[in-house]
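# Residue-level structural notes
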4 protein chains.
Amino acid sequence: MSSATPTSPSPAETHEYVLTVVCADAPGIVHAVTGAIVEVGGNITESRQFESGTTQRFYLRLQVRTPASATELEAALAPAVERFGLEHRIDEVGRPVRTLLLGSTATHCVNDLLFQVESGHLPVQVPLILANHPTLERLAGFHGVPFEHLPTTGPGGKAAFEDRVRQAVAEHDIELVVLARYMQILSPELCEELAGRCINIHHSFLPGFKGANPYRQAHARGVKQIGATAHFVTSDLDEGPIIEQEVLRVDHTRSPQELMAIGQDVEARTLRQAVAWFAQSRVLLDGARTVVFR
Amino acid sequence: MSSATPTSPSPAETHEYVLTVVCADAPGIVHAVTGAIVEVGGNITESRQFESGTTQRFYLRLQVRTPASATELEAALAPAVERFGLEHRIDEVGRPVRTLLLGSTATHCVNDLLFQVESGHLPVQVPLILANHPTLERLAGFHGVPFEHLPTTGPGGKAAFEDRVRQAVAEHDIELVVLARYMQILSPELCEELAGRCINIHHSFLPGFKGANPYRQAHARGVKQIGATAHFVTSDLDEGPIIEQEVLRVDHTRSPQELMAIGQDVEARTLRQAVAWFAQSRVLLDGARTVVFR
Amino acid sequence: MSSATPTSPSPAETHEYVLTVVCADAPGIVHAVTGAIVEVGGNITESRQFESGTTQRFYLRLQVRTPASATELEAALAPAVERFGLEHRIDEVGRPVRTLLLGSTATHCVNDLLFQVESGHLPVQVPLILANHPTLERLAGFHGVPFEHLPTTGPGGKAAFEDRVRQAVAEHDIELVVLARYMQILSPELCEELAGRCINIHHSFLPGFKGANPYRQAHARGVKQIGATAHFVTSDLDEGPIIEQEVLRVDHTRSPQELMAIGQDVEARTLRQAVAWFAQSRVLLDGARTVVFR
Amino acid sequence: MSSATPTSPSPAETHEYVLTVVCADAPGIVHAVTGAIVEVGGNITESRQFESGTTQRFYLRLQVRTPASATELEAALAPAVERFGLEHRIDEVGRPVRTLLLGSTATHCVNDLLFQVESGHLPVQVPLILANHPTLERLAGFHGVPFEHLPTTGPGGKAAFEDRVRQAVAEHDIELVVLARYMQILSPELCEELAGRCINIHHSFLPGFKGANPYRQAHARGVKQIGATAHFVTSDLDEGPIIEQEVLRVDHTRSPQELMAIGQDVEARTLRQAVAWFAQSRVLLDGARTVVFR
């Protein structure tokens, strides 16, 4: 993988880059990578690494302040890339990640994400919201985000929606697709195409429930904790690598409707956190797991 | 249900009773019950009630300060009991509940419970610990609690253990049996006999995992929250009415062994809380759910 | 205190009322109150009570389903009100509480409150937002809430703002004033006039910090928990009765700016919760403390 | 600072070391340190670093698996130590840290620490408990830990106690002193001598309270969160660098006594966590703050 956004700054400027590296574990990787950073006069301002006992792979995330351009840093890294077979990625710290939101009728996740973007707390830009219901149009309009409504009902409706997703991804050079309560199962093909860059959110309980009407089931069992899981989308429904989970306490007095309201709150917060970490290049895939350098 | 421990105090004393009432919901129950309390010169110091939309049953828990004896309170309540078909229970606030612990090799839950008892934070007395391994003997000895070791291996081992449980329950007039990581499945017959007075603790995850080695599975999926569920034991394994659930956050750096250590901590705290609420008559069964008046 | 909104429904309808009662503690109060409820054919659907050891006062909150009108319930309660000197209040469950928001430049609390109102999760209506800066105008407009901008700078600016508050409270029959990051200290006179119906939110830390720039101080001390406190406003700055507190974990890597972003999130959630409980008549004053029947 | 425990293993063995480095921030440090690790055939298994914007200092913690001895690693690091003026420390991962407990009458923290040690979850060994009351003797005995009782009352009592502390620190080569509810203020001299290796635990509230009987004050103000702070001891009472903080939710129904029981629970957990991180060399001082590489 090469630099996402090569830039050619004037020499006087200082840049801050985030560099992520994934490779088979071996001695000397950090020494080689930091050698390249020394070479371009860089200073490491944040560093996290992880050696996976599961996959024997090595994960590194660095933030580097340097007068060099991304291209120069890239060149300095080339020997290490060659020697260790590094998958790597260089990006500017804080660069807004181009994000496509897919929605339906629920507004809580989209409202939270757009508010966080507008507040400057979420390094994301949203060039488009696609939804299979018109509900989100007003909210999108308020935040000045283009909105398209494409029903998924009728023969070929879902396939047409997915084609529009593909087109939008290409058109806007989308880096992240967020299923913000889109409520439709993506086709295995689209899951495959968006692997590692599509995040979904769903409710979670202790213990788990399968099937329809989970809040009603949770009520029937009298669960005491309502949670949400944000995960990468895979063709294995709701079983992709987990990025973030959060829970809130409830008790027997809560109706299924109230459990749902609490669930929506925890969904919005959990999704927001997962998107933030992704946008900061803090989420790396380790087989069926994620490494989250928070 | 009648008074658990009728007492005949001298008239000058003041008592504090906890009164729990369960019945089909109907208008006038609280008025009738509080009328009985007025009759014996009682003052309500704590009150919680719940009308179950699920079962249409009514749940009431009162704490009452009164110069009257339990027998006198019982008598005053008799008309209401008759009229509304009340299942009720009178107990002294703070009376230690006679509790039998069943254990195996794990010490974390038993250590926590006995320490809390000794610190005076848990209104429980433990006349006996039964275990199918000798591990807990020293700990029991330190706290001055009688301990018996009865292996469950070999033909008839488990049945003999359960017979000893039955005997101990009768002998010590046991009110609560706690499976403090006993790790054996109770026979359906014993589950039935101990219905509503036997609490188990087990690990819980978002999402749930079935089968062996759950911490290894949780590690493989990269879960971010480790939890525990304390529940009443029923013959439906690990599916009894939930009393309490707690969770702790973890991340990708934790090994399966560390997840287990964290899981043990959350198990101990969750079980302790469930036992405390039970001992304070705060846990009532509402079909497959519990009402917890915490 | 008498009924807030007497209504005269047709006899066939069923109403659900919330009844709150405060008085000096004495035997027989619950019996008398529930007697009145039996008299109007009412059924208690939720009940919480508390006897304060601090003030020797008694607090009761009931939800009652009845075919009777508020006026009829009021009449039935009259003997108990007389006998026990009850301060009481009858309201319809779920009736939106008329709430005036005071704001300044920060948007996070107002956005959260208005979104929750619109989602139907917060039983509140907002007839007006008053602010000493124009920042909130767009947000108010999106949610269709009237907005007025009144600068507090210049001689007499603050007094004029407070007079407009008084006027708005009268005009819209305001039941709750929320300082949603208004950032101005109210005059002692206005604090007095709004006693028990004006809620403020501020950041809180372990341990506490006084003075300017608290997030910078929190950073300098390396605090690990960022919190917020929602409280009733009194003339004793930031020391009014606490309604709700919430915390979030942070670590040494967070900059003062990031601490502030996290602080804003916890402020919004804490304020929302306090407003929800107030709007549901769950918050009662007990001297310098609150009783929160959540 | 040099290696804490130099060892001379047979060449066939593999060791895992934790290496911590503190110095003025400069480019090239990580490259130089990792170069030394490559030189001894080491592999980095865990890495955390932090550049403090407050002090312009650089903090690094590495875990390294290597066939080399600590002495060999030390030698390989010498040029980097010289060049960057590194304060560094090499230790074996998992080596139990020699810890002196100071106690008084409260048992909750000592019970929790000793149980965790015995369970193998806390890499600590306790050669001695010193206390100014005899209460802890039985608990110490159960865990096989030597115990000394030295009253601090009477003229010179406190000075004598502190002299015994100094002596014990020397005698057992103590690396960490834990004030496990010792409840006495250490003299400024002793604070100075134990700087950076003495941890205290105290209750914390939102907002904070000074003075006696804090749980009574917390009750009077109706706080909703009870917390604890574990910090390094300095002569500025209860104001040393914070290592860990934890909170638990409470409500108006809790008596001051119950708040205290909850507070004890959160104290024990918070102290245990701080001790664990210290014992794993995860806590580094950054001026008045700590860097905690958890």
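Residues numbered from 1 in each chain as written. Chains lettered and ligands numbered in written order. Predicted model: local features only at pLDDT ≥ 70, side-chain atom pairs only at ≥ 80, totals over all residues. Heavy atoms only, no water.

### Some points on the pattern of salt bridges
A complete count under the given rule lists 90 salt bridges over all chains for this structure. Notably, a salt bridge pairs R249(B) with E244(A), separated by 2.7 Å at the nearest N-O pair. One end of the pair, R249(B), is in strand β11 (residues 242-249); the other, E244(A), is in strand β11 (residues 242-249), on a second chain. On the basis of relative accessible area, R249(B) is assigned to the partly exposed category, the value being 28%. In this structure, R254(C) and E258(C) form a salt bridge, with 3.8 Å as the shortest nitrogen-oxygen distance. Salt bridges linked by common partners bring R89(A), D91(A), R95(A), R98(A), D173(A) and E175(A) together as one network. (Salt bridge = Lys/Arg side-chain N within 4 Å of Asp/Glu carboxyl O. Helix = DSSP H or I, 4+ residues; strand = E, 2+ residues; numbered from the N terminus. Buried < 20%, exposed > 50% of the residue type's maximum accessible area, 1.4 Å probe, protein only.)

### Quick word on the interface of chain B and chain C
On the side of chain C, 19 residues touch chain B, which itself brings 19 residues to the contact. Regarding the contact of chain B and chain C, the summed buried area is about 1,700 Å², with carbon and sulfur atoms giving 48% of it. Of all residues in chain B, the largest losses of buried area upon contact with chain C belong to H31(B), Q49(B) and E51(B), amounting jointly to 32% of the total for that side. Summed over the shared surface of chain B and chain C, the result is 2 salt bridges. Between R65(C) and E51(B) there is a salt bridge, with the nearest N and O atoms lying 4.0 Å from each other. Our count for the contact surface shared by chain B and chain C stands at 7 residue pairs in polar contact (both at pLDDT 80 or more). Take the side of chain B that touches chain C: its biggest share by element is 8 residues, from strand β2 (residues 43-51) of chain B. (Contact = heavy atoms within 4.5 Å. Buried area = accessible area lost by both parts, 1.4 Å probe. Polar contact = N/O pair within 3.5 Å; in protein donor to acceptor, adjacent residues only side chain to side chain.)

### Let's talk about the interface of chain B and chain A
Taken residue by residue, the interface counts 35 residues in chain B and 33 residues in chain A. Between chain B and chain A, roughly 3,200 Å² of surface is buried when both sides are summed, and carbon and sulfur atoms account for 48% of that area. The largest contributions to the chain B side of the interface with chain A come from L206(B), R221(B) and H252(B), which together make up 24% of the buried area. Applying the counting rule to chain B against chain A returns 6 salt bridges. Between R249(A) and E246(B) there is a salt bridge, with the nearest N and O atoms lying 3.1 Å from each other.

### Thoughts on the domain arrangement of chain A
Note on interface size: it is often stated as the accessible area lost on association of the parts. Residues and elements named next belong to chain A. Domain annotation of chain A identifies domain 1 (15-92) and domain 2 (97-292). Between the C-alpha centres of domain 1 and domain 2 the distance comes to 31 Å. Taken together, the contacts link 13 residues of domain 1 with 10 residues of domain 2. A combined buried area of about 900 Å² lies between domain 1 and domain 2, and 47% of that area is made up of carbon and sulfur atoms. Of all residues in domain 1, F50, Y59 and R61 give up the largest surface area on contact with domain 2, accounting jointly for 45% of the area buried on that side. As a salt-bridge pair, E46 and R282 come within 2.9 Å of each other at their nearest N and O atoms. At the junction of domain 1 and domain 2, the tally comes to 8 residue pairs in polar contact (both at pLDDT 80 or more). Where the side of domain 1 that touches domain 2 is concerned, the elements lending two or more residues are β1 (15-24), β2 (43-51) and β3 (57-66). (Domains from an automatic or database assignment.)

### Comments concerning unusual backbone geometry
Residues and elements named next belong to chain B. Phi is positive for D173, which is not a glycine, with a value near 50 degrees. Tracing the chain through its elements places D173 in the loop between α5 (157-171) and β8 (176-179). You can call D173 partly exposed: its relative accessible area is 48%.

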